[in-house]
Amino acid sequence: MAALGLLLLASCSKGAATASPSSASSGPTIVPTMDSPIPTKSTEPPVPSESPVPVESNPPGDIPDNTQFVPYHSKGGGFTISVPEGWARTTTKTSVSFTDKLNTIAVGWAPAASAPTTASASSTEVPQLKTTERAFKLVGVSSTTFPAGKAVLISFQENSAPNSVTGKQYRDDVLRYALFDKGQEVVLTLTSP
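Attention shifts here to the overall build of the protein. Of the regular secondary structure elements, the protein holds one helix and eleven strands. Relative to all contacts within the protein whose residues are 6 or more apart in sequence, the contacts with residues 24 or more apart total 62%.

One pass over the structure, following the stated rule, counts four aromatic pairs. Here the aromatic rings of Tyr-72 and Phe-98 are separated by 5.3 Å at their centres, their planes lie at 70°, and the arrangement is edge-to-face. Residue Tyr-72 is found in strand 3 (residues 69–74), and its partner Phe-98 is found in strand 6 (residues 95–100); the two are separated by 26 residues along the sequence. For the residue pair Tyr-72 and Phe-98, the accessibility class agrees, reading buried in each case. When the ring of Phe-79 is compared with that of Trp-109, the centres are 5.5 Å apart and the planes differ by 65°; the resulting orientation is edge-to-face. Taken together, the residues Phe-79 in strand 4 (residues 79–84) and Trp-109 in strand 7 (residues 103–111) connect sequence positions 30 residues apart. Judged by relative accessible area, Phe-79 falls into the buried class, the value being 1%.

Attention now moves to the confidence of the model for the protein. The predicted model of the protein has a mean per-residue pLDDT of 79, with 74% of residues at 70 or higher. Between residues 1–37, whose pLDDT stays under 50, and residues either more than four places distant or in other chains, the model counts 143 contacts.

Pairing of strand 8 (residues 137–146) with strand 9 (residues 149–159) involves nine bridges; the strand directions are antiparallel. The partner of Leu-138 across the bridge, within strand 9, is Phe-156. Hairpin connection, strand 8 to strand 9: the antiparallel pair is bridged by two residues.

The next thing to look at is the sheet that holds strand 11 (residues 184–192). If you walk across this open sheet you meet the seven strands as 5-6-7-11-10-9-8, and the pairing is antiparallel. Each edge of the open sheet is held by one strand with a lone partner, namely strand 5 (88–91) and strand 8. When the angles between neighbouring strand axes are averaged without regard to direction, this sheet yields 15°. Bridge count for strand 5 against strand 6 is four bridges, and the pairing is antiparallel. Pairing of Thr-90 across the sheet is with Ser-97, part of strand 6.

Calculation notes
Residues numbered from 1 in each chain as written. Predicted model: local features only at pLDDT ≥ 70, side-chain atom pairs only at ≥ 80, totals over all residues. Heavy atoms only, no water. Helix = DSSP H or I, 4+ residues; strand = E, 2+ residues; numbered from the N terminus. Contact = heavy atoms within 4.5 Å. Phe/Tyr/Trp six-rings, centres within 6.5 Å; stacked < 30°, edge-to-face > 60°. Buried < 20%, exposed > 50% of the residue type's maximum accessible area, 1.4 Å probe, protein only. pLDDT = per-residue confidence, 0-100. Pairing = 2+ DSSP bridges. Axes fitted to C-alpha atoms, helices over the stretch in contact; angles between N-to-C directions.

Spelled out as structure tokens, the structure:
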């Protein structure tokens, strides 16, 4: 997960300087508010209850130290993010995600009336995540600061979706950052076993 924490996130406003997390182990998370719901990772109906899968001592999918990072600019989202070169990209009108093996970087954006807070994340987002993420376990809700501004971080663990061929699942660590600027909220989610 530390490798994903190396990502650089630019301000939610266009043309702002690049921002980076205050610490690689506690990357930023963007959390939507009730006024501006940004879909969670899955827009499917609530997941059935399941038990957490065991954490692997040496999970696959490590990001090599020599990985090159390239900038990706989202005109619609008004941000720039550095992502590992060669990762598969999926875009929609209000989101973009980058995936390689078992690692995912997802960014979603939407208009918002106000900035998220740790209180709003705890009272609104955490209960929503409990119903949409597999075997959700909250690690913590905190605030962090980037050069681009303040962010709210929700750290949690979840089971991955079952592999379509083998049915295997992994226990994932997830960092979900929420940034707000000029009426726009951006949610950055980093997922890795």
